[in-house]
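# Observations on the three-dimensional arrangement
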Amino acid sequence: MKTNTLKISLIISGLLVSSSAVAIGGFDFSSSPKGKDQFLPPSSGNSSFALKPLKDADFRQSDPAQVELGRNLFFDKIMSGNENISCGTCHHVLTSTADSLSLSVGEGGRGLGHPARDTGTGVDAIVQRVPHNSPDLFNRGLLEINVLFNDGRIFPDSNFASGFNSPAGHQLPVGLDSILAAQNILPLTNVTEMAGQAGENDVADAAVNEIFEGPNGVWELLLIRLRGIPEYASLFQAAFDDVNSAADMNITHVGNAIAAYIGTSFRADNSPFDRFLRGDKRAMSVTAQEGMRLFYDGNAKNLGGMTCGSCHSGTLQTDQDFHAIAMPQIGPGKGDGVNGREDFGHFRVSGDENDLYKFRTPSLRNVVLTAPYGHTGSFDTLRKVVDHHVNAIYSLYNYDTSQAQMPSRSDLDAIDFEVMENPYLVDKIAEASEIKKLKYSKKDIDKIMEFLYALTDPASLDIRDKAPRTVPSELPLAD
Ligand code: HEC
Ligand code: HEC
């Protein structure tokens, strides 16, 4: 990593959060002109974090036939155990590839967003909420992305034949062409998200027993369904050279095709910020430009220590690293702690106590479109989650649970706020926090908000045309 004067001064003043946060954008601000109109953080040559315009070569290029197959698979409920939910339910085109809820309702959920989701009966009954907020899927086709999930459960790892460390362990097949493709076949194995509960269908039974690969595994059981639909057989054959008949269709094709679809369809790199970086100095308002400077540049207003860019570094506003920022935690949790309602974040992956309550720094592309915010969607507006950062500990202790965007369910409500209502557990989140009180004034934050708005690609405002009208299974798209 390139060393620069700014970093050194930060290290000396002891304000760096942790060694992993040294990625202060990778910029050499010391050599950048500070004049109001000339400001453009220079590229540092560090490929991941440099603030340089995105270009075609930064994105994985995909075969249109794979995109078309992926588009159908993404929206087809046949991919879920009970045929009652698709990827597109939680990553919906009407809600900017997320679902507008704090926590996704899993398989069985009906309607779109809040408060339409309610409980089905029989196999459609909802047993628990998904413990994390559904993230957007914008720009996930970028080659530089090297970690997925809020807690970082998937990352490249040569100890695995698949090339990826993931919750599927050694069951993950060989041949997945990207980290995105590896992720794309995991929701199928998740009981709450897509597979269903024990006894409801054969896919669910396999998922409960964590049998994903092999003839009785989740993936093969779903492939049997797809092979029986002639339209899928032709879509697979058109998309992949190694598919000559339905028998050749396999789960790596599914993962790779969905990745081609997501990467191509949800690319969002034409925001005012992008156009500004490409040289159009009028693309962003003066206020947004000031906001950008405050966001990234510790020297902009003698902010000294930590800025937004300390963690949200580079063109994508993420260091792809993990930080504890005292984010309130709502929902069922991930089974951690004495009462099982806690979520230890990246610690779950690394086993390192320093990673307790750390979550991945999210990219802020299109962030205005994807409320609510935080790994459990605990904040309902962008301003509130930004204000949280400025004085995180105060915000944590004064968290207002009424802003949670969750369809009320008397049987689930009881557990939704167990952590936030337990002073001891809130103290633990506060103690782990590494974010300092940020030295931004209210006016600074107003400007930073303008900058965040300038991260919106106008083409992402209406993405309905990315969804098919019908899918090969002929199951309904909506419900
Ligand atoms: C029940 C709702 C639900 C369904 C159905 C669902 N997802 Fe998700 N998705 C989520 C949630 C919640 C997360 C965040 C999980 C986490 O970080 O722990 C997520 C995470 C992801 C991510 C990782 C994004 C990132 O940057 O970390 C991708 C990619 C993704 N989903 C794609 C898919 C695909 C493809 C499907 C269908 C095969 C699918 N999802 C089905 C809710 C859902
Ligand atoms: C110490 C590192 C750090 C700093 C400094 C920081 N953030 Fe964050 N930010 C994070 C992490 C980590 C998350 C995700 C936390 C979670 O989900 O629990 C996050 C979440 C967010 C979100 C929610 C995004 C979403 O999709 O849910 C926004 C918006 C945001 N940050 C903006 C800012 C702004 C603006 C600043 C400066 C005022 C800032 N951040 C400073 C680490 C940081």
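Above this text is the structure in question.
Residues numbered from 1 in each chain as written. Chains lettered and ligands numbered in written order. Predicted model: local features only at pLDDT ≥ 70, side-chain atom pairs only at ≥ 80, totals over all residues. Heavy atoms only, no water.

Near ligand 2, the surroundings consist of 25 residues, among which Cys308, Cys311, His312, His375 and His389 are the closest. A distance of 2.5 Å separates an oxygen atom of ligand 2 from a polar side-chain atom of His375. More than half of the atoms belonging to ligand 2 lie within 2 Å of the grid points that define the largest cavity. The greatest single-element share of the shell around ligand 2, amounting to four residues, is contributed by helix α14 (residues 382-390). For the shell around ligand 2, the per-class residue count stands at 17 nonpolar, seven polar and one charged. (Near = heavy atom within 4 Å. Polar contact = N/O pair within 3.5 Å; in protein donor to acceptor, adjacent residues only side chain to side chain. 1 Å grid on protein atoms, 1.4 Å probe; cavity = no way out; pocket = protein on both sides within 12 Å on 5 of 7 lines; lining within 4 Å. Sits in = over half its atoms within 2 Å of the grid points. Helix = DSSP H or I, 4+ residues; strand = E, 2+ residues; numbered from the N terminus. Nonpolar A, V, L, I, M, F, W, Y, C, P; charged D, E, K, R; others polar.)

Before going further, it helps to spend a moment on the environment of Gly152. Inspection of the secondary structure assignment puts Gly152 in the loop between α4 (113-116) and β1 (155-156). Relative accessible area serves as the criterion here: at 1%, Gly152 is assigned to the buried category. The sequence separation of Gly152 and Lys358 amounts to 206 residues, and the corresponding C-alpha distance is 9.8 Å. Ignoring any residue separated from it by four or fewer positions in sequence, one finds Gly152 in contact with Val147, Phe322, His346 and Val349. (Buried < 20%, exposed > 50% of the residue type's maximum accessible area, 1.4 Å probe, protein only. Contact = heavy atoms within 4.5 Å.)

We now examine helix α18 (residues 442-453). Taking 1.5 Å as the rise per residue, α18 with twelve residues should run 16 Å; its terminal C-alpha atoms sit 17 Å apart, in good agreement. Among the residues of α18, Asp444, Ile445, Ile448, Met449, Phe451 and Leu452 are the ones counted as buried. The buried residues of α18 all sit within an arc of 160° when viewed along its axis, so they share a single face. Seen from the buried face of α18, the exposed residues on the opposite side, beyond 90 degrees, are Lys443 and Tyr453. (Expected span 1.5 Å × (residues − 1). Arc of directions from axis to C-beta.)

Among the secondary structure elements, Asp446 is positioned in helix α18. Expressed as a C-alpha distance, the spacing of Asp446 and Gly291, which sit 155 residues apart in the sequence, is 7.8 Å.

Judged by nonpolar contacts, the single largest core of 65 residues is most densely connected at Leu73, Leu226 and Val254. Those elements that provide at least two residues to this core are α2 (64-75), α3 (87-90), α5 (179-184), α6 (191-195), α7 (202-208), α8 (218-227), α9 (230-239) and α10 (251-265). The leading source of residues in this core is α10, at eight residues. Those residues in contact with Val254 that sit more than four places away from it in its chain are Leu73, Met79, Ile185, Leu223, Leu226 and Phe236. Counting residues in each nonpolar core, the second largest holds 50 residues, with Phe273, Leu438, Leu452 and Leu455 among its members. (Core = buried A, V, L, I, M, F, W, Y, C linked by side-chain atoms within 4.5 Å.)

Further remarks concern the layout of surface pockets. In this structure, the largest pocket occupies an estimated 1200 Å³ of space. Lining the largest pocket are 44 residues; nearest its centre among them are Phe149, Arg153, Pro187, Asn190 and Glu193. Only α3, α5, α6, α7, α10 and α13 (347-350) provide two or more residues apiece to the lining of the largest pocket. The greatest single-element share of the lining of the largest pocket, amounting to four residues, is contributed by α6. Residues that form the lining of the largest pocket fall into these classes: 22 nonpolar, 14 polar and eight charged. Two domains each donate at least three residues to the lining of the largest pocket, and these are domain 1 (5-52 + 271-456) and domain 2 (64-98 + 135-266). (Points joined across faces, edges and corners; volume = space filled by probe spheres on them. Domains from an automatic or database assignment.)

Don't take any of this as a statement about function, it's just geometry.
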